[in-house]
2 protein chains.
Amino acid sequence: MAVYTDVSDEELAAFVAGYDIGQVLSVKGIAEGVENSNFLLHTERGFYILTLYEKRVRQDDLPFFIGLMDHLARRGIICPEPVRMTSGETLGRLAGRPAAIVTFLDGIWVKRPTATHCRGVGSALAAFHKAGADFPIQRPNNLSLSGWRPLFEQAGDAADRVAAGLTDRTATALAELERDWPTGLPQGVIHADLFPDNVFFIGTKLSGLIDFYFACNDALAYDLAICLNAWCFEADGAFNLTKGQALIDGYEAQRTLTPAEVAALPILCRGSALRFMLTRLVDWLNVPPGALVKPKDPLEYDRKLAFHRRVSDARDYGLRR
Amino acid sequence: MAVYTDVSDEELAAFVAGYDIGQVLSVKGIAEGVENSNFLLHTERGFYILTLYEKRVRQDDLPFFIGLMDHLARRGIICPEPVRMTSGETLGRLAGRPAAIVTFLDGIWVKRPTATHCRGVGSALAAFHKAGADFPIQRPNNLSLSGWRPLFEQAGDAADRVAAGLTDRTATALAELERDWPTGLPQGVIHADLFPDNVFFIGTKLSGLIDFYFACNDALAYDLAICLNAWCFEADGAFNLTKGQALIDGYEAQRTLTPAEVAALPILCRGSALRFMLTRLVDWLNVPPGALVKPKDPLEYDRKLAFHRRVSDARDYGLRR
């Protein structure tokens, strides 16, 4: 939750004048997003979100992220749609930072998802994969297999300060993944971070996807594995098979998994659990003293990884064939 | 800028169901307000602000604050208007806190006010004073004369850590104010905190007043003195007579100051400068180490107080008669 940058009225008015959205009527910083500054913008034309991209987002990646939202919106995926300036551009500069205006999206993220929500997410994920198939820009996934060992080395022996044995367990899991990681699976644009806070619902109806700032090219089924981790475990650490079934059913209602994807699902789940464990671990070990933001618990994903290491068949996640 | 309280979806839906504003479509914490948690709420009926009152606001005062907004809105003052529940109430409870929904107000607060803005504020202040005349609830001003010595004692000798001689200067000014503070001036409901961040404009047109959480009963001209302090000094500390003229002209276009008010204006300006110096000083001395919010500079008001101690006539503020 953050607004990192102050924007003067004059700068804002000049920026908005580049769009065909009328005069600014109101602008309020919103307490959302960890990486960027977000403002709710009301103009004579309606409500919008104004985003200023702060340092943590690589500027070279912005054409991918903003182009992807534009591409998806044109193909019927409900997501923030970049508004074009009269020049045709979707990315400008404001207060010394890259900035974009996107449409305001209704909906609320669900703190306690039900199986109905999981089915909706599965279905939206597959629709996203299909809509992204002809997106022309590429962005490698730097948080996939090749990125994990550097993260693990960055944490080093400090991992054992977080939990006894964590270093050894992680070394074993990582070595297995490096040995067995699947290749040749169907590839495409994946969201790569479709956690509950990035999916809006109105009641039980999915009303949109947000936050495409981890999107990249990778195996489509890896995205499903991320969602199984993010949506189908209970607070007590138990895997909820009913939610897993709903998520996979929702996905397959839009796109059928190939036999290779089905076979790879357990290892993809292990990989994605390791990915979130490692990034959380590094964040955990780097929290500045007195920080207000509590980092997310890496051990949640250590426990999920342990679960996945006992799974050998996609049916254990809820695949019903 | 703050959201102090998380509200669950279920609690929010149940709270909003008490109003005739349709289903919740979106809720976003907004980075505004230091005392309370504020959310932008979109429902099927429109956009609203949902406020949760945190500990710093006395619950006993809420009927005054919310009743005042309701009273003013009915008399044509543009301000957030409390939305009534179907029960007729305007104040409820949400997440264990008093909570209210008010209408969303367009406009932007002006970081660098011009004389035109000052005229608008003067006019709006007088209209506020007239509209508040028949408001039936009373609330004493606990940050007026009787409140200053306790604040000064709270700061104690630590004041000299902020600036050399501040303790002595303040003691002298306070003693003078205690000796000379006027009585018998026209009384009524005053805003008591009508700083630029509490006045919205669209362009140069005033579009509304917000934040009534210091409003109370006191001398009406004291409110004008607060505005002279808040609106008519430049960043370099100089009093801008053109802005003072515009503020007073705007006020008198709606309500003529009495001779007693005119005579009292210099001492009221000294009093209000001391009031903000003292509350800022106490806040300054009580900043927790590592706090993210930079406290406001008490010395800004020490300098304004020094200016006012050299003024003996309301014409020095811009009164043109």
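Everything numeric in this text was worked out from a predicted model, so none of it was measured.

## Here's the deal with the packing of helix α3 (residues 115-131) of chain A against helix α7 (residues 220-231) of chain A
All names here are of chain A.
- At a minimum axis separation of 11 Å, α3 and α7 run at an interaxial angle of 160°. Classified by the angle their axes make, α3 and α7 are roughly antiparallel. Along this stretch, α3 crosses α7, giving a crossing that reads as right-handed. Counting all contacts with α3, which are made through His117, Cys118, Val121, Leu125, Phe128 and His129, the residues of α7 involved are Leu220, Asp223, Leu224, Cys227 and Trp231.
- In terms of residue class, the contact of α3 with α7 is built from eight nonpolar, two polar and one charged.

## Structural notes on the domain arrangement of chain A
Residues and elements named next belong to chain A.
- Taken domain by domain, chain A consists of domain 1 (9-105) and domain 2 (109-317).
- Placing the centre of domain 1 and that of domain 2 at their C-alpha centroids yields a distance of 28 Å.
- At the junction of the two partners, domain 1 supplies 17 residues and domain 2 supplies 22 residues.
- Taking both partners together, domain 1 and domain 2 bury about 1,800 Å²; carbon and sulfur atoms supply 74% of that area.
- A per-residue breakdown of the area domain 1 buries against domain 2 is headed by Phe64, Phe65 and Leu68, which together make up 32% of the total.
- Here domain 1 and domain 2 share two salt bridges between them.
- We note a salt bridge from Asp61 to Arg139, for which the minimum N-O separation is 3.2 Å.
- In this assembly, domain 1 and domain 2 are joined by six residue pairs in polar contact (both at pLDDT 80 or more).
- When its residues are assigned to classes, the side of domain 1 that touches domain 2 shows 12 nonpolar, three polar and two charged.

## Regarding the environment of Ala115 of chain B
Residues and elements named next belong to chain B.
- On the secondary structure map, Ala115 appears in helix α3 (residues 115-131).
- Taking relative accessible area as the criterion, Ala115 reaches 24% and is therefore assigned partly exposed.
- Sequence-wise, Ala115 and Pro298 are 183 residues apart; in three dimensions their C-alpha atoms are separated by 25 Å.
- In this structure, Ala115 is in contact with Thr242, Lys243 and Ala246, ignoring residues within four places of it in sequence.

## Considerations on the relation of the copies chain A and chain B
- Its rotation angle being 180°, the transformation that places chain A on chain B also includes 0.1 Å of axial translation and leaves an RMSD of 0.1 Å. What the superposition gives is, in effect, a two-fold axis relating one chain to the other. Closest to the rotation axis within chain A is the C-alpha of Ile30 of chain A, separated from it by 2.1 Å.
- The share of interface residues of chain A whose copies in chain B are also at the interface is 100%, consistent with both copies meeting through the same surface.

## Examining the pattern of salt bridges
- A complete count under the given rule lists 47 salt bridges over all chains for this structure.
- The residue Arg84 of chain A makes a salt bridge to Asp70 of chain A at a minimum N-O spacing of 2.6 Å. With Arg84 of chain A in the loop between α2 (62-74) and β4 (92-94) and Asp70 of chain A in helix α2, this pair connects stretches of sequence that are 14 residues apart.
- Judged by its relative accessible area of 38%, Arg84 of chain A is partly exposed.
- Judged by relative accessible area, Asp70 of chain A falls into the buried class, the value being 11%.
- Asp9 of chain B is paired through a salt bridge with Lys111 of chain A; the nearest N and O atoms lie 3.1 Å apart. Residue Asp9 of chain B is found in helix α1 (residues 9-16), and its partner Lys111 of chain A is found in the loop between β6 (108-109) and α3; the two belong to separate chains.
- Here Asp9 of chain B falls in the partly exposed class, since its relative accessible area comes to 22%.
- Within the structure, one salt-bridge network assembled from shared partners comprises Arg58, Asp60, Asp61 and Arg139 of chain A.

## Describing the packing of aromatic side chains
- Enumeration over the complete set of coordinates arrives at 39 aromatic pairs over all chains.
- Taken together, a centroid distance of 5.9 Å and an interplanar angle of 80° make the contact between Phe64 of chain A and Phe65 of chain A edge-to-face.
- Among the residues examined, Phe64 of chain A registers a relative accessible area of 2% and is labelled buried.
- Both rings, one in Phe104 of chain A and one in Phe47 of chain B, keep their centres 5.9 Å apart while their planes meet at 65°; by these two values the pair is edge-to-face. One end of the pair, Phe104 of chain A, is in the loop between β5 (97-103) and β6; the other, Phe47 of chain B, is in strand β3 (residues 46-52), on a second chain. Comparing Phe104 of chain A with Phe47 of chain B shows no difference in burial state: the two are buried.

Thresholds, definitions, all that
- Residues numbered from 1 in each chain as written.
- Chains lettered and ligands numbered in written order.
- Predicted model: local features only at pLDDT ≥ 70, side-chain atom pairs only at ≥ 80, totals over all residues.
- Heavy atoms only, no water.
- Axes fitted to C-alpha atoms, helices over the stretch in contact; angles between N-to-C directions.
- Helix = DSSP H or I, 4+ residues; strand = E, 2+ residues; numbered from the N terminus.
- Parallel < 35°, antiparallel > 145°, perpendicular 65-115°, else oblique.
- Left-handed = near helix turned anticlockwise from the far one by under 90°.
- Contact = heavy atoms within 4.5 Å.
- Nonpolar A, V, L, I, M, F, W, Y, C, P; charged D, E, K, R; others polar.
- Domains from an automatic or database assignment.
- Buried area = accessible area lost by both parts, 1.4 Å probe.
- Salt bridge = Lys/Arg side-chain N within 4 Å of Asp/Glu carboxyl O.
- Polar contact = N/O pair within 3.5 Å; in protein donor to acceptor, adjacent residues only side chain to side chain.
- Buried < 20%, exposed > 50% of the residue type's maximum accessible area, 1.4 Å probe, protein only.
- Least-squares fit on C-alpha atoms with pLDDT ≥ 70 in both.
- Phe/Tyr/Trp six-rings, centres within 6.5 Å; stacked < 30°, edge-to-face > 60°.

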